[in-house]
Amino acid sequence: MSFDALGSELLARKQQSLYRQRRTLQSPQGPEVTVDGRTCLAFCSNDYLGLANHPDVIRALQDAADIYGVGGGASHLVNGHSQAHHALEEALAEFTGRPRALLFSTGYMANLGAVNALLDKRDAVFEDRLNHASLLDAGLLSGARFQRYLHNDPASLQQKLTRSEARRKLVVTDGVFSMDGNLANLPELAAVTRQQGGWLMVDDAHGFGCLGESGGGCAEYFNLGMEEVPVLVGTLGKAFGASGAFVAGSEDLIETLIQFARTYIYTTSMPPAVAAASLASLSLLRQENWRREKLNSLIKQFRQGCQQLGLTLLESFTPIQPILIGDAAAAMKISEALEAQGIFVGAIRPPTVPQGTARLRVTLSATHTEAQVDRLLLALESVVK
Ligand SMILES: *Cc1c(COP(=O)(O)O)cnc(C)c1O
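Keep in mind it's a predicted model, so treat the numbers as computed, not measured.

Draft legend 1. Representation of unusual backbone geometry within the structure. For the bond running from Pro 350 to Pro 351, omega is 5°, close enough to zero to count as cis. Within the fold, Pro 351 resides in the loop between strand 12 (346–348) and strand 13 (358–363). Look at Ser 17: it is not a glycine, yet its phi comes out positive at around 60°. Here Asp 36, not a glycine, exhibits a phi torsion of approximately 50°, which is positive. Its location among the elements puts Asp 36 in the loop between strand 1 (32–35) and strand 2 (38–42). The class of Asp 36 is exposed, set by a relative accessible area of 65%.

Spelled out as structure tokens, the structure:
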């Protein structure tokens, strides 16, 4: 069999301005990163609170590495479940106000594991059409009847739920939509789901740390408990600045995941030192309110600046602040022109977002300065004109 077919598909992707390329960082995440020996201002990481390179978090990782070494060594159910993992699970349960929390190695795996432990072909899964790829993949893999409802539309969801006669009905949504920055209408989605006898699963990868008085994310922001959101997912690679993920919920939910979630059972536990680092970052995330306040003031500054420039922003008050461009090639061109000025902003194109909605996905971090946001606005002004 010839591999030529791959080459022609790659070429087509290039011609459509959809080709992806990596850059290689030589520095930690931060407002400024080093790439190929050059320092650039970055507005594209998910390190919203600036904890990925925080000295307390680094120290926690180093200290735990002295105790536990590097690798988890085995899966959690064999003998890879360390005291560092356990302590983090207990702290996350307390943080989310749920009886238990369970660690996964990544958010992708948490989503695949949770949906697939809960559903099979007798069931139905209802997903927002703009859900993160890992949630869509999780639903498709489960073999449950897969249905998408209109974006953030409780009426559309209700219509589909009413018609379903499935054994279990799992409604799945991002808490903060990762490419748009808007919040799911969780109070209404939760009410509809409960009324129809379903379960609501919220993936709050981008809400934890940024939303809520103490960084408890969408659930804290909307004050939704376990009755409303029985399956709550968070990731540790974004505002936590570490790596990994967790599912929080009832005793029965967590025991079900331990018994049946294949992405929990058949994989090596995350390095214990990463769990210890995440625990240190949880404490900063909860206590250092100034990070959320700073972030909110930068968001305001950025939005006002963009409005003055006549740029089309999406309805978002989170650190995800996309500028809608439309055409994929145009978005790439703007991103490249910004890069020429030493500024990184990711161009997000199909299939990550719907056709015709390519965008610059600007993300802000509490460690950016007002002057850096001004620099971005000036560069945008020069590039868009
Ligand atoms: C980033 C992200 C994930 C994946 O989390 P990882 O830990 O990076 O695998 C899952 N869901 C959403 C909404 C995300 O934005």
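Having seen it, we continue.
Draft legend 2. Representation of the pattern of salt bridges in the model. Per the stated rule, a full pass over the model turns up 11 salt bridges. Salt-bridge contacts for Glu 94 lead to Arg 286; the nearest nitrogen and oxygen are separated by 2.9 Å. A residue pair is termed long-range when its members are at least 10 positions apart, and Glu 94 in helix 4 (residues 83–96) and Arg 286 in helix 12 (residues 272–287) qualify at 192 residues. Judged by its relative accessible area of 53%, Glu 94 is exposed. Among the ionic pairs, Asp 120 bridges to Arg 122, the shortest N-O distance being 2.7 Å.

Conventions used here
Residues numbered from 1 in each chain as written. Predicted model: local features only at pLDDT ≥ 70, side-chain atom pairs only at ≥ 80, totals over all residues. Heavy atoms only, no water. Helix = DSSP H or I, 4+ residues; strand = E, 2+ residues; numbered from the N terminus. Buried < 20%, exposed > 50% of the residue type's maximum accessible area, 1.4 Å probe, protein only. Salt bridge = Lys/Arg side-chain N within 4 Å of Asp/Glu carboxyl O.

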